[in-house]
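For reference, the chains in residue letters:
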Amino acid sequence: MSDRWAEIIRTPPVAAAEWVALPENGWGAIIAYRVGPGRTRPHDFPQERRLVTEVCTDTDGTARRRTLAMTPKDFADIVESVNSYLVDVGLPPAPFTWWEVVPPDGMTGDAFLKHLEDASAERVTATSGVEVARQYAAVLTDEIESIYAQGDVRA
């Protein structure tokens with residue numbers, strides 16, 4: 001485990017009125033890593049609430065959905081996907097898959113995530129491959145450093 005991830009895990013989280021759960025993907029892991037110690041913690045997500053949605057589309061276009069319990073293989077696939085994404089953007093693999101962070105002072109969790117989505121949509125120009133992931137990582141890093149620095153919060 002990298003020094004930064006270790007520091008995030010061992011630093012007691014700040015007392016906060018709101019913690020925002022991040023998506024269990026590379027994007028969420030980048031945010032967790034960049035927000036950093038004290039304002040990031042593993043999201044305690046019980047095994048029985050880990051679900052996947054299966055979508056089957058019939059030949060007539062009708063989609064059928066069903067929700068199933070996540071299997072160990074599903075979980076391993078998510079972990080592999082997240083860590084592969086992190087390595088592609090030059091960050092160390094994450095020790096957990098689910099994370100939550102304290103949004104910047106003066107922002108709700110929804111506003112924080114929307115801000116990051118909007119900035120990424122405006123600034124990511126690559127259309128495929130690892131270059132897209134690297135551009136997302138750069139935008140997320142810049143935005144997180146900028147908005148947390150405005151409140152003198154370590155990014």
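Provided above is the structure to which this section pertains.
Here goes a summary of the coordinates provided. Since the structure is predicted, the reported quantities are computational estimates derived from the model, not experimental observations.

Rules used in this analysis
- One numbering rule holds for all chains: residues counted from 1, following each sequence as written.
- Whole-chain, interface and lining totals are the exception, using all residues; otherwise, since this is a predicted model, local features are given only for residues with pLDDT of at least 70 and side-chain atom pairs are given and counted only at 80 or more.
- The basis for every side-chain value is the complete set of non-hydrogen atoms in the structure, without hydrogens or water.
- By definition, a salt bridge exists where a carboxyl oxygen of Asp or Glu is found within 4 Å of a side-chain nitrogen of Lys or Arg.
- In this description a helix means any DSSP run of H or I spanning at least four residues, a strand means any run of E spanning at least two, and both kinds are numbered starting from the N terminus.
- The axes used here are C-alpha line fits, helices contributing only the stretch in contact, and every angle between their N-to-C directions lies in the interval 0 to 180 degrees.
- By definition, turning the near helix anticlockwise from the far helix through less than a right angle yields a left-handed crossing, and turning it clockwise yields a right-handed one.
- Every residue pair with non-hydrogen atoms within 4.5 Å of one another is taken to be in contact.
- Ten residue types, Ala, Val, Leu, Ile, Met, Phe, Trp, Tyr, Cys and Pro, are classed as nonpolar, four, Asp, Glu, Lys and Arg, as charged, and the remainder, Gly among them, as polar.
- Expected helix span is taken as 1.5 Å per residue step, with the number of steps being one fewer than the number of residues.
- Partly exposed residues are those whose accessible area sits between 20% and 50% of the maximum for their type, while under 20% is buried and over 50% is exposed, using a 1.4 Å probe and protein chains only.

For the coordinates displayed, the defined rule picks out 8 salt bridges. Note that Asp105 and Arg39 form a salt bridge whose closest N and O atoms lie 3.7 Å from each other. Placement of the pair is Asp105 in the loop between strand 5 (99-101) and helix 4 (109-123) and Arg39 in the loop between helix 2 (26-35) and strand 2 (40-42), with a sequence separation of 66 residues. A salt bridge links Arg66 to Glu54, with the nearest nitrogen and oxygen atoms 2.6 Å apart. With Arg66 in strand 4 (residues 63-69) and Glu54 in strand 3 (residues 51-57), the pair connects residues that are 12 residues apart, well separated along the chain.

All right, on to the packing of helix 2 against helix 5 (residues 130-149) then. Between helix 2 and helix 5, the least distance of the axes is 10 Å, while the angle of their chain directions is 35°. When the axes of helix 2 and helix 5 are compared, the crossing they make is right-handed. On the side of helix 2, the interface is formed by Trp27, Ile30, Ile31, Arg34 and Val35, while helix 5 contributes Tyr136, Ala137, Leu140, Thr141, Ile144 and Tyr148. By residue class, the composition of the contact of helix 2 with helix 5 is 9 nonpolar, 1 polar and 1 charged.

The periodicity of an α-helix, 3.6 residues per turn, causes residues three or four places apart in sequence to face the same way. The terminal C-alpha atoms of helix 5, which comprises 20 residues, lie 28 Å apart, in line with the 28 Å expected from a rise of 1.5 Å per residue. Along helix 5, the residues that are buried comprise Val132, Ala133, Gln135, Ala137, Val139, Leu140, Thr141, Glu143, Ile144, Ile147 and Tyr148. On the buried face of helix 5, the contacting elements are helix 2, helix 3 (72-88) and helix 4.

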